[in-house]
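The chain contents come next:
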Amino acid sequence: MLTLLTSASVAQTYTDSEVKEDLQYLIGSIEEFVPALYRYNPDFKEKADAIVRAVENDMSVLAYFSSVSKIVSLANEGHFNLGDWADVAHKGFVDNTYKYMPLSVKVIGDRMFVWINSANSEELQRGDEILSINGRASADIIASMLPYIPSDGHIETYQLKSLTMGFPWMYYLYVEQPETFAIEYKRQGQHSTVTVEALTREGWMTNYQRRKPAATEEEPDVRQVYEWEIKESLAVLKLKDFSRSLVEKYDLEASKLYKEIFGQLQTAQVSNLIIDLRDNTGGRNEFADDLIPFIMKEAGKGLFKTTESWKGKKKDYSLPKIDKLAFKGNIYALVNGRTYSAGAEVARYLKEYGKAVIIGEETGTRYEGFAAGSTQSIVLPNSDIRIGIPRYHLGFPPSSSQKTSNRGLLPDHEVSYTIEDLMNEKDLEMEVALGLIK
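Residues numbered from 1 in each chain as written. Predicted model: local features only at pLDDT ≥ 70, side-chain atom pairs only at ≥ 80, totals over all residues. Heavy atoms only, no water.

Visitor: Would you mind showing me how to read the pairing of strand 6 (residues 129-133) here?
Guide: Two faces, one strand: in a regular strand the side chains alternate between the faces of the sheet. Burial analysis of strand 6 places four of its five residues in the buried class, which makes it a mostly covered element. Two strands pair when backbone bridges link them, and strand 6 and strand 8 (residues 180-187) are joined in this way by four bridges, in the antiparallel orientation. If you follow Ser132 over to strand 8, its bridge partner there is Glu184. In the sheet, strand 6 pairs with strand 7 (residues 136-137) via two bridges, with the strands oriented antiparallel. Paired with Ser132 across the strands is Ala137, a residue of strand 7. What sits between the antiparallel neighbours strand 6 and strand 7 is a turn of two residues, in which Asn134 has the positive phi angle 50°. (Buried < 20%, exposed > 50% of the residue type's maximum accessible area, 1.4 Å probe, protein only. Helix = DSSP H or I, 4+ residues; strand = E, 2+ residues; numbered from the N terminus. Pairing = 2+ DSSP bridges.)

Below, the structure is given as C-alpha cells:
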C-alpha cells in the first residue's frame, strides 16, 4: 500500500503506552456512559481489549485514530461524535495540508460510482463505475472501511449512506494517503485507467466551483422541516428534519403542527397517506412521540417507550389516547438507511400503531432501542481528540411486527437503486407506493 504522509500533524506519532492509555480510557468511558451497552453487545470489552493488545509499536496520528474509530464502532451505537475538524486527526482537511481524493462517489452495495469529479483531470464522468483504486478492488475497499463507521446494531444501509457522504476524507483517514490515485473504471462496458492527483480542500473547491452548473438559490423556509400536499384522496407528507436549530428557527410545536395537518386530512377526506421519512436523521424527540395519537388505528394500553440514563434512572412513557383527528385511511411510509434516530422512531410508530406499509431500505436505527439523547464529551488524554458518547437509552416494547436483534426497521417492500436510477432522478419508493395505492 502506497502511503505518503502530507502533513506534519499526520507525521506526529504516539508511543505504544500513550495509545494504550487513550484506548483504555475510551473503553472505560463507553462502559460508563452508554446504557444497555452489554444488552446488545455482550462481547464489546473482549473485542475492544483485543485492539488494545494488538498495539505493539508507536503509531502515527492516523493509525491511532483508526484504532479509536474501531473501538467506538464496536459499541454498535450510531450517535457517537468521532472528533471534530479542529483536532489533530482532522485539521489538515480544513487548513489545506492534507491532499486527498477529489471525487465524490455513490456507494451501492459493494460497488462504487463517480458522482462529482473535482479533480484536475476531467476524464472521469458521472456514472463511471470505479473498479479499483491503486490496484485494490472497490468491493475490498468498501468492506475495509465499514468497521470504522459507527452505526446502530448491524445496519449496513446506514454505514453505506455514511460512506457515500464522506468517502474522500474517510479514504484518507482509514485507507491511504497517496499523492496520486490510479483509478480503473468502466464506462459502457469499456475498461480504462486514469491517474488522478490528490488535492487539498482548496483545490477541490476551485475545480468544483468552476464546473458546477449555475443554480437558482432558493431562500430556506419551513420546507426544510416538512412539506405536504393533498391531491384528491391522496396526501403526501414529507417529514425531513427535526433538528433543534430548525425547529426553533421556525418556532414549530409538534402537537400543534400535527393537529393542523391531520385536521386538513380529515376535512379533505383523504383515504391514502404517504409519509416520506427518507434522509430524516432525527432531532427533537417530540416530533416522533407526538405523532402517535394521530396515526393510531386502535386504542392501546401499556408503554410505547422507556428511557434510561447513564446513571440508571428510568422513565416510562404510556401510550396516549387516540386523537379525534386520527387518520383512518391507509398509510405508506418511505424510508432509507438515513431514516435515523427520531426519524426512525416515527417509522417504527407508523409500523406498530399506524399499520403502515413500509417501503424502501432498512432504517438506520436499531428497532428495539438505541442510545441517543444528551452526549457526554470526553477528551482523550494524549491526543486531545474529543469523543461524544450518547448517554441515554431509548427502549421500545417487544414487537409482534418485527422480531429482530440489532437491526433497523425492515421494509415490507424493499427498494434498490441502480446508478442509472440515480442519474435519471427516479423515485422508486414513491413509484412503489403509488402502484400499491392504484
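The discussion continues.
Visitor: Got a minute to help me understand the packing of aromatic side chains in this structure?
Guide: In this description, an aromatic ring pair is defined by two values, namely the gap between the centres and the angle between the planes. In the structure shown here, the tally under the stated rule is 24 aromatic pairs. With 6.1 Å between their ring centres and 55° between their planes, Phe304 and Tyr317 make a pair best called tilted. Of this pair, Phe304 sits in strand 13 (residues 303-309) while Tyr317 is found in strand 14 (residues 314-318), placing the two residues 13 residues apart along the sequence. Connected via pairs of aromatic rings, a cluster forms that spans Trp85, Phe93, Tyr98, Tyr100, Trp169, Tyr172 and Trp204. Stacked on the ring of Trp115, the Lys or Arg Lys106 has its end atom at 4.9 Å from the ring centre. When the ring centre of Tyr40 is taken as origin, the NZ or CZ atom of Arg366, which lies over that ring, is 3.8 Å away. (Phe/Tyr/Trp six-rings, centres within 6.5 Å; stacked < 30°, edge-to-face > 60°. Lys NZ or Arg CZ within 6 Å of the ring centre and 35° of its normal.)

Visitor: Sorry, what's going on with the nonpolar core here?
Guide: The nonpolar side chains of a soluble globular protein tend to be buried with one another. With 69 residues, the main nonpolar core has Ile30, Ile71, Phe167 and Ile387 as its most contacted residues. Ranked by residues supplied to this core, first place goes to helix 8 (residues 156-174) with eight residues. Setting aside chain neighbours within four positions, we find Ile387 in contact with Leu26, Val68, Val72, Phe80, Asn81, Leu82, Gly83, Gln376, Ser377, Ile378 and Leu380. In terms of nonpolar packing, the next biggest core, distinct from the first, is built from 48 residues, Tyr226, Val270, Ala288 and Ala372 among them. (Core = buried A, V, L, I, M, F, W, Y, C linked by side-chain atoms within 4.5 Å. Contact = heavy atoms within 4.5 Å.)

Visitor: When you look at the pattern of salt bridges in this model, what are you seeing that I'm missing?
Guide: Where charged atoms from two side chains of opposite charge approach closely, those side chains can pair. All told, the structure shown has 24 salt bridges when counted by the stated rule. Across the salt bridge formed by Glu361 and Lys161, the nearest N and O atoms sit 2.8 Å from each other. Taken together, the residues span a long stretch of sequence, with Glu361 in the loop between strand 16 (357-360) and strand 17 (369-379) and Lys161 in helix 8 at a distance of 200 residues. Here Arg278 makes a salt bridge to Glu429, at a shortest N to O gap of 2.7 Å. Of this pair, Arg278 sits in the loop between strand 12 (272-276) and helix 12 (286-289) while Glu429 sits in helix 16 (residues 428-437), and the two are 151 residues apart along the sequence. Glu429 gets classed as buried once you look at its relative accessible area, which sits at 3%. Linked through salt bridges whose partners overlap, the residues forming this network are Arg244, Glu248, Arg284 and Glu286. (Salt bridge = Lys/Arg side-chain N within 4 Å of Asp/Glu carboxyl O.)

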